Amino acid sequence: MSEAVLDIQSLRKTVHKGKNIVEDVSFKMHKGEILGLLGPNGAGKTTTIRMIVGLIKRSSGSVSINGTDMDEDSQTCKRQIGAIVENPAFYDYMSGWKNLQQHARMAIDPVSDERMQDIIKLVQLEDAIHDKVKKYSLGMKQRLGVAQALLHQPSILILDEPTNGLDPKGIRELRDYLRELADQGISTLVSSHLLSEMQLMCDRVVIMEKGRLIDETVIGELDQSDEQKVCIVAFQCRVDQIQEAKALIEADSEIELLHIEKEQTLVLKLHEATIPDVNKKFVEAGIDIYAIERKKTTLEEKFLSLTNTRNMTDIKEVQS
Ligand SMILES: Nc1ncnc2c1ncn2[C@@H]1O[C@H](COP(=O)(O)OP(=O)(O)OP(=O)(O)O)[C@@H](O)[C@H]1O
Ligand SMILES: [Mg+2]
């Protein structure tokens, strides 16, 4: 893997009464990578992003951009980042073009008209760029925000929940242009609490919960079939045998019981190769198995196996 364009080490944010809302968060992002920061509401995603872009102070830890430590040369680091953390502010009575020009004037390096045209094309705002921003839809404003963040040619783009409020078409388009940027070597860190989106959008995700990183996953590896692969399988038995089945599983250190569904289905995390053995074990103990369902090893399943069920319920509610 190429060298890290963004290297976060042991990031911590302590608020009043010594409470850590972000603790020991470390990860790296590589050139041309789309990295997801996934976690339920309140996990600490925005706080982490705010610390990276310097909107709030870190309590401890380091941020380095393309090998430069933020504390040593924050100016150089910040020039390499384009970000949308809060909703970008625009002058509503001005056109998108004028807004971009206004923003370009504040950039340290001059931004050519040609550069502006290229970015506008990339975010597909060509047709509306001379309309007043007050006429823009949420999705269009969001694109203008990305265009604004890209004006000074950053090598890293950071977007906090960029799909909020976008319709499926808008989400797909965002995905497409982030991929185009990735092909040009620009890396994007994107946060979300929506698992399915992250799966489609990112090359890799880091998962946060309660202020900490709890896992890191390469998206492509989620669907690989492999003898050693850990997967999630639901075994449905008779309601009156569920406790017996549960005890059997709990006695086996190789299998993890994730939860029980509808009082008669054990959802287990185990090695794929052991599925027939587990079934045999149930049968030998006189437990009737009515169905075995191999749950797809999606990010959602992985997330479920790592975090508690309450958070998953929250996420599903948000998704539906
Ligand atoms: N200044 C602060 N003082 C105290 N607590 C804070 C402060 N800022 C954030 N928090 C708390 O820290 C936790 C993490 O917040 P944060 O906004 O980073 O989460 P998030 O992952 O971005 O959540 P969401 O998905 O809702 O945007 C939350 O419980 C929040 O209430
Ligand atoms: Mg947030």
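Residues numbered from 1 in each chain as written. Chains lettered and ligands numbered in written order. Predicted model: local features only at pLDDT ≥ 70, side-chain atom pairs only at ≥ 80, totals over all residues. Heavy atoms only, no water.

Digging into the side chain of Thr163
Consideration 1: With respect to the helices and strands, the residue Thr163 is situated in the loop between strand 7 (156–160) and helix 6 (168–183).
Consideration 2: Taking the relative accessible area as the measure of exposure, Thr163 reaches 6% and is therefore buried.
Consideration 3: A polar atom in the side chain of Thr163 sits 2.6 Å from the side chain of Glu197.
Consideration 4: Those residues in contact with Thr163 that lie beyond four places of it in its chain are Ile171, Leu174, Glu197 and Met201. (Helix = DSSP H or I, 4+ residues; strand = E, 2+ residues; numbered from the N terminus. Buried < 20%, exposed > 50% of the residue type's maximum accessible area, 1.4 Å probe, protein only. Polar contact = N/O pair within 3.5 Å; in protein donor to acceptor, adjacent residues only side chain to side chain. Contact = heavy atoms within 4.5 Å.)

Remarks on the site of ligand 1
Consideration 1: Residues in close proximity to ligand 1 include Val15, His16, Ile21, Pro40, Asn41, Gly42, Ala43, Gly44, Lys45, Thr46, Thr47 and Glu161, which together make up its full environment.
Consideration 2: Thr46 places a side-chain nitrogen or oxygen 2.7 Å from an oxygen atom of ligand 1.
Consideration 3: Counting residues per element, the shell around ligand 1 draws most heavily on helix 1 (residues 45–53), which supplies three residues. (Near = heavy atom within 4 Å.)

A look at the packing of helix 3 (residues 96–106) against helix 5 (residues 138–150)
Consideration 1: Running from amino to carboxyl end, helix 3 crosses helix 5 at an angle of 30°, the nearest separation of the two axes being 10 Å. Taken together, the axes of helix 3 and helix 5 are roughly parallel relative to one another. The interaxial crossing formed by helix 3 with helix 5 has right-handed handedness. On helix 5, the residues touching Gly96, Asn99, Leu100 and His103 of helix 3 are Leu144, Ala147 and Gln148.
Consideration 2: Classifying every residue of the contact of helix 3 with helix 5 by side-chain character gives three nonpolar, four polar and no charged. (Axes fitted to C-alpha atoms, helices over the stretch in contact; angles between N-to-C directions. Parallel < 35°, antiparallel > 145°, perpendicular 65-115°, else oblique. Left-handed = near helix turned anticlockwise from the far one by under 90°. Nonpolar A, V, L, I, M, F, W, Y, C, P; charged D, E, K, R; others polar.)

Quick look at the sheet that holds strand 10 (residues 212–218)
Consideration 1: Read across the sheet, six strands follow the order 6-7-8-3-9-10 without closing on themselves; strand pairing throughout is mixed. Each of the sheet's edge strands pairs with one partner strand only, and the pair in question is strand 6 (81–84) and strand 10. When the angles between neighbouring strand axes are averaged without regard to direction, this sheet yields 15°.
Consideration 2: Strand direction decides the pairing type here: strand 6 and strand 7, joined by four bridges, are parallel. Note on strand 7: the bridge partner recorded for Ala83 is Ile158.
Consideration 3: The sheet strands contacting helix 1 are strand 3 (34–38), strand 6, strand 7, strand 8 (187–192) and strand 9 (204–209), and the helix crosses strand 7 at an angle near 150°.
Consideration 4: Taken strand by strand, helix 5 contacts strand 6 and strand 7, and its axis lies near 160° from that of strand 6. (Pairing = 2+ DSSP bridges.)

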